[in-house]
Each structure stands twice: as C-alpha cells, then as structure tokens.
Amino acid sequence: MHPYPGRVPTALHPATAEVLAAFDDWVEPAKAAEALDHLTPDTVDEAVQVLLGAGALLAEGSDEADRDDRVATRWRTWAPEASFFHYATQDTQYRELQEGEAELMNRRGTRVDTSEDTSVAAADGPTHTMFTEYPDADRVMLPRVPVDLRVPYDRVLYARRTHRDFTDDPVPLPTLATLLSTAFGPVDYIDSGRGALFRRTSPAGGARQELDAYLGVLNVTGVEPGMYHYNLREHSLELLSPGLDRDEVTHLCTGQQWIGRAAFVVVLAAVIDRMSSKYEIPRCYRVSLLNAGHLGQTFALTATALGLGPAQTGAFRDTPVAERLGLDNIGHTPLYLLAAGVPRPDPRWAPPQATLAVFRDTALR
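Residues numbered from 1 in each chain as written. Predicted model: local features only at pLDDT ≥ 70, side-chain atom pairs only at ≥ 80, totals over all residues. Heavy atoms only, no water.

Considerations on the overall build of the protein
Here is step 1 of the chain: Looking only at helices and strands, the protein has 13 helices and nine strands in total.
Here is step 2 of the chain: Here the C-alpha radius of gyration of the protein, 26 Å, is well above what a compact globule of 365 residues would show, namely 21 Å.
Here is step 3 of the chain: Projecting the C-alpha coordinates of the protein onto the three principal axes gives extents of approximately 80 × 70 × 40 Å.
Here is step 4 of the chain: Per-residue burial over the protein gives 40% buried out of 365 residues.
Here is step 5 of the chain: For the protein, restricting intrachain contacts to residue pairs at least 6 apart in sequence, the fraction spanning at least 24 positions comes to 75%.
Here is step 6 of the chain: Approximately 20600 Å² of the protein is accessible, and the part contributed by carbon and sulfur atoms is 53%.
Here is step 7 of the chain: Taking the average location of the 34 positive side-chain charges in the protein and that of its 50 negative ones, the two points are 10 Å from each other. (Helix = DSSP H or I, 4+ residues; strand = E, 2+ residues; numbered from the N terminus. Rg over C-alpha atoms; globule rule 2.2 N^0.38 Å. Buried < 20%, exposed > 50% of the residue type's maximum accessible area, 1.4 Å probe, protein only. Contact = heavy atoms within 4.5 Å. Areas by Shrake-Rupley, 256 points an atom, 1.4 Å probe, with all protein chains shown as cover. Lys, Arg positive; Asp, Glu negative; His and termini not counted. Charge placed at Lys NZ, Arg CZ, Asp CG, Glu CD.)

Some details on the pairing of strand β8 (residues 309–313)
Two faces make up the sheet, and in a regular strand the side chains alternate between them.
Here is step 1 of the chain: Counting buried positions over the five residues of β8 gives four, a clear majority of the element.
Here is step 2 of the chain: Across five bridges, the pairing between β8 and strand β9 (residues 332–341) is antiparallel. For Gln312, the partnering residue across the bridge sits in β9 and is Leu338. (Pairing = 2+ DSSP bridges.)

Description of the packing of aromatic side chains
Here is step 1 of the chain: This structure, assessed with the given rule, holds ten aromatic pairs.
Here is step 2 of the chain: Taken together, a centroid distance of 5.8 Å and an interplanar angle of 65 degrees make the contact between Trp75 and Tyr87 edge-to-face. Of the two residues, Trp75 sits in the loop between α4 (63–74) and α5 (81–88) while Tyr87 sits in helix α5, which places them twelve residues apart along the sequence. When sorted by exposure, Trp75 lands in the same class as Tyr87, which is buried.
Here is step 3 of the chain: Positioned over the ring face of Trp258 is Arg164, at 5.1 Å from the centre of the ring.
Here is step 4 of the chain: Above the plane of the ring of Trp349 lies Arg348, whose end atom (NZ or CZ) is 5.5 Å from the centre. (Phe/Tyr/Trp six-rings, centres within 6.5 Å; stacked < 30°, edge-to-face > 60°. Lys NZ or Arg CZ within 6 Å of the ring centre and 35° of its normal.)

Quick look at the sheet that holds strand β5 (residues 226–231)
Here is step 1 of the chain: Sheet architecture is open: seven strands sit in the order β1-β6-β5-β4-β7-β9-β8, paired in antiparallel fashion. Whereas interior strands pair on both sides, the edge strands pair on one side only; in this sheet they are β1 (139–141) and β8. Within this sheet the neighbouring strands show an average axis-to-axis angle of 30 degrees, counted without direction.
Here is step 2 of the chain: Judged from the four bridges that link them, strand β4 (residues 211–217) and β5 form a sheet pairing that is antiparallel. Residue pairing in the sheet places Tyr214 in a bridge with His229 of β5.
Here is step 3 of the chain: Together, β4, β7 (264–271), β8 and β9 form the strand contacts of helix α11 (residues 284–305), whose direction differs from that of β9 by roughly 15 degrees. (Axes fitted to C-alpha atoms, helices over the stretch in contact; angles between N-to-C directions.)

A word on a nonpolar patch on the surface
Here is step 1 of the chain: Together, Tyr153, Leu157 and Tyr158 make up an exposed nonpolar region whose accessible area comes to about 390 Å².
Here is step 2 of the chain: As for its placement among the helices and strands, Leu157 is situated in helix α7 (residues 153–159). (Patch = residues over 30% accessible without salt bridge, like charges linked within 9 Å, V, L, I, M, F, W, Y side chains within 5 Å. Salt bridge = Lys/Arg side-chain N within 4 Å of Asp/Glu carboxyl O.)

Looking at the environment of Thr201
Here is step 1 of the chain: Structurally, the position occupied by Thr201 is in the loop between β3 (196–199) and β4.
Here is step 2 of the chain: Taking the C-alpha atoms as reference, Thr201 lies 6.7 Å from Val187; in sequence the two are 14 residues apart.
Here is step 3 of the chain: Beyond its immediate stretch of four places on either side in the chain, Thr201 contacts Thr182, Ala183, Val187 and Thr298.
Here is step 4 of the chain: In terms of polar contacts, Thr201 uses its side chain to reach the backbone carbonyl oxygen of Thr182, at 2.7 Å. (Polar contact = N/O pair within 3.5 Å; in protein donor to acceptor, adjacent residues only side chain to side chain.)

Some words on the confidence of the model for the protein
Here is step 1 of the chain: With 91% of its residues at a pLDDT of 70 or more, the protein has an overall mean of 91.
Here is step 2 of the chain: In this model residues 107–123 is a low-confidence stretch, pLDDT under 50, and it forms 50 contacts with partners more than four residues away in sequence or in other chains. (pLDDT = per-residue confidence, 0-100.)

Section: the environment of Pro310
Here is step 1 of the chain: Tracing the backbone through its elements, the reader meets Pro310 in strand β8.
Here is step 2 of the chain: The sequence separation of Pro310 and Trp75 amounts to 235 residues, and the corresponding C-alpha distance is 31 Å.
Here is step 3 of the chain: Setting aside anything within four residues of it in sequence, one finds Pro310 in contact with Arg161, Thr162, His163, Phe299, Ala300, Ala303, Thr304, Ala339 and Ala340.

Regarding the nonpolar core
Here is step 1 of the chain: Leu176, Phe184, Leu215, Tyr230, Leu237, Phe264 and Val266 are the most contacted members of the largest nonpolar core, which has 37 residues in total.
Here is step 2 of the chain: Contributing elements (two or more residues each) for this core: α8 (173–184), β4, β5, β7, α11 and β9.
Here is step 3 of the chain: A per-element tally of this core places α8 first, with seven residues.
Here is step 4 of the chain: When sequence neighbours within four positions are dropped, the list of residues in contact with Phe184 reads Arg200, Ala213, Tyr230, Leu232, Val266, Leu268, Leu295, Phe299 and Leu338.
Here is step 5 of the chain: The next biggest cluster of nonpolar side chains, apart from the first, holds 22 residues, and it includes Phe166, Leu252, Trp258 and Ala262. (Core = buried A, V, L, I, M, F, W, Y, C linked by side-chain atoms within 4.5 Å.)

See the structure below:
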C-alpha cells in the first residue's frame, strides 16, 4: 500500500482491504466495526491505529485530511495515475557517497561514476549499452557536410513556432542530416568512471542518453518512405520497415490530420536500461521525460534555423507506434513524437493574434 502524498509504501495483510472498505466515508470506528462483525472490536481498533499511522486512514478535520481533499480536487481529472506518480516520486531519499568511500572504491579497483550526478548509483542491475544499432538493416548514409546554421540566436528563438501547415515540397537530405546530427548526434565523449559516455547539444541526466531517435519518412529527397532508426554513431538511417503514408501517420497520431502533411516524424524512444543501470529510483523516470523535452526544444530550434517548420505532440497511439518500429514497449518504449516539414508561408491553421476584445474575456489575475 502506498498512500500519497507524503507517505511511504507499507506492507499490509490482505485482510486489511476488508477493514479499509468499511471506511469508504467518514465513520466512527465503532460503527465500522458493526459491519465487520466477524472481527472483534479490539482487532478492528488495532487495525484502525495501524492504518492511521500508515496514512491509509485519515481523521476527519485533521490537516492531513484537508490536504488530501485539496489534492483530490486539484488532480481529479488526472487521478489516480498522474497524481500517484507525481507524489510517489517526491522527496526521494538520495544516497550520497560517504567521505572516503570513493577512495576506498578506487583502491579496490572499482571506479566511481562522476558523469554529472553521483547521488544515486545502482550497484547491481541492468548494464549500460551506449548505442542502439541494427547492423543487418539496409541503410542510407547521410551527408556529413552540415547545412549552414549561422542564424542570429534571437531570430531563431523568436521565430520558433509550432507549425501544422506544410507545403508539398520535400525536405532536402542534407537539411535532414544536419537536423539529426545537431539534435541527436554526439558532441564529444567523456569518461564516466565506469566507461565512456557521450554528450549532446541538449542536457541529459547523468549523460545516460537513453533516448533513441526513430524516423517516419514521408517526403525527404533521396529517402524512400518508411520507418527508420537514426544510427547516430554511424550517421545513417537504418531501414526498419518500408512504406509509410499520410493516412498511417495520422492514425498513429490519434487522427490529427495536420501531422500527416509533415515531411517526416521523429519518435523519441527510451531505452530504460541506460537510465536504470545507474539510477535505481523511480523518480528518474521523471528525468527521462524532461530529457525528451530538452531534445524536443533543441529539435524545434534547429529546425527553425534550417528553415523548417517544427511541431511536436504527446498524443499518439503508444502500442501501434512501438509495434511499427519493432520496439518491445517494455525496455524500449516511445515517449515523445516530433515532426517537421517545409512550412506554408500563409498557414491556414495559425491562431490569430489576441485583440482587446479577447483580453476583456480573459482572466488575467
């Protein structure tokens, strides 16, 4: 049992569920005991005290009960999944290296991981593999001469918009290659203390780089439509399955018509072992979600600098996307979907600027 917020998991006897069911509304323990007439009053009273201490029961009028009510009200449309994940991963107890521990580990021949954060290091568990590759796949070798990205930073930053209206012009292969290498390719390699890691142009917790980039190509010069994996070490596109059309992309993205007009989509998929091999606490799943956001922003800014229209969505059909990419959706699972194409100069679906009349109907404070 894991009551939240602010409580820790507690092991309880299965019979506890029956006792808890008698308290589905505010009720005196003695009254609840009447519904549990096969248990003695002392047994019910003892159970109530244990459950109060564990946070599974709350006393009416208490500060905890008031906070519980406010949490239930504020999170009601997302409960219990989102609120549980949020609060269950709060206030994690981090393990810190004790003084002299690093020196002792080095004397024993065990190197200490110093790749940005040593607060939580998993002693055992899955191993870390730096790259995902498909050696038997057909591949498109991408050009290595980058397209010019020397656009003033302020112009790129303020020009970035989410685009949902694209022309039928194909994206040139060198432009795609520059976007992929800039957003997802390695910048340099570092010694983590347990082996080499690489850094990207976006921050990543512990430099674990647990996010792979998969492409659905629709309209790129020199690349047949299909599903690909971006091999960032080799700078190539590895063909996973040929064939892709607008209708399928639209279906995979929950019927959003606009995304079928993009020239290509990028699925960011997490390799869970790369993160959990160092960080064993569930809170680090939050970090993977944040890392996806970092990559999404770098993708959007780079696409803008290259003259493309970037977009992104969290609305996609997880299982069909994973199946289409050949992912097991267990240790290798999709998290975020990006897209880009040549933007229409006169977008039909761009929102209009807010007017004075709009502001009159808006709660500003």
